[in-house]
Amino acid sequence: MRVSTTLLALLVASPALAEAYNRPIPQAQSATAEFWYAVACLGLVASMALVHWLVSRR
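## Regarding the overall build of the protein
Each helix and strand in the protein was counted, giving two helices and zero strands. Scored against the burial criterion, the 58 residues of the protein give a buried share of 0%. With an accessible surface of roughly 6000 Å², the protein has 69% of that area assigned to carbon and sulfur atoms.

Right under this line is the structure:
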């Protein structure tokens, strides 16, 4: 039983069955994604300015 289990484990984990790793190629951002990123950045800066204004009033 041990021999068949060991043989089965060796066959299943065989490197011949493994596929080579292909690194993913990064894609460029679209103009739409850059626009929404700019909107989000401006919103973050505006919210930080609002928080600063609210905290400094106290």
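## Comments concerning the packing of aromatic side chains
What the rule picks out here adds up to one aromatic pair. Centre to centre, the rings of Phe35 and Trp36 are 5.1 Å apart; their planes meet at 70 degrees, and the pair counts as edge-to-face. Note on Phe35: relative accessible area 48%, which makes it partly exposed. Using a relative accessible area of 54% as the deciding quantity, one classes Trp36 as exposed. Taking the ring centre of Trp53 as reference, the NZ or CZ of Arg57 above it sits at 4.9 Å.

How each quantity is defined
- Residues numbered from 1 in each chain as written.
- Predicted model: local features only at pLDDT ≥ 70, side-chain atom pairs only at ≥ 80, totals over all residues.
- Heavy atoms only, no water.
- Helix = DSSP H or I, 4+ residues; strand = E, 2+ residues; numbered from the N terminus.
- Buried < 20%, exposed > 50% of the residue type's maximum accessible area, 1.4 Å probe, protein only.
- Areas by Shrake-Rupley, 256 points an atom, 1.4 Å probe, with all protein chains shown as cover.
- Phe/Tyr/Trp six-rings, centres within 6.5 Å; stacked < 30°, edge-to-face > 60°.
- Lys NZ or Arg CZ within 6 Å of the ring centre and 35° of its normal.

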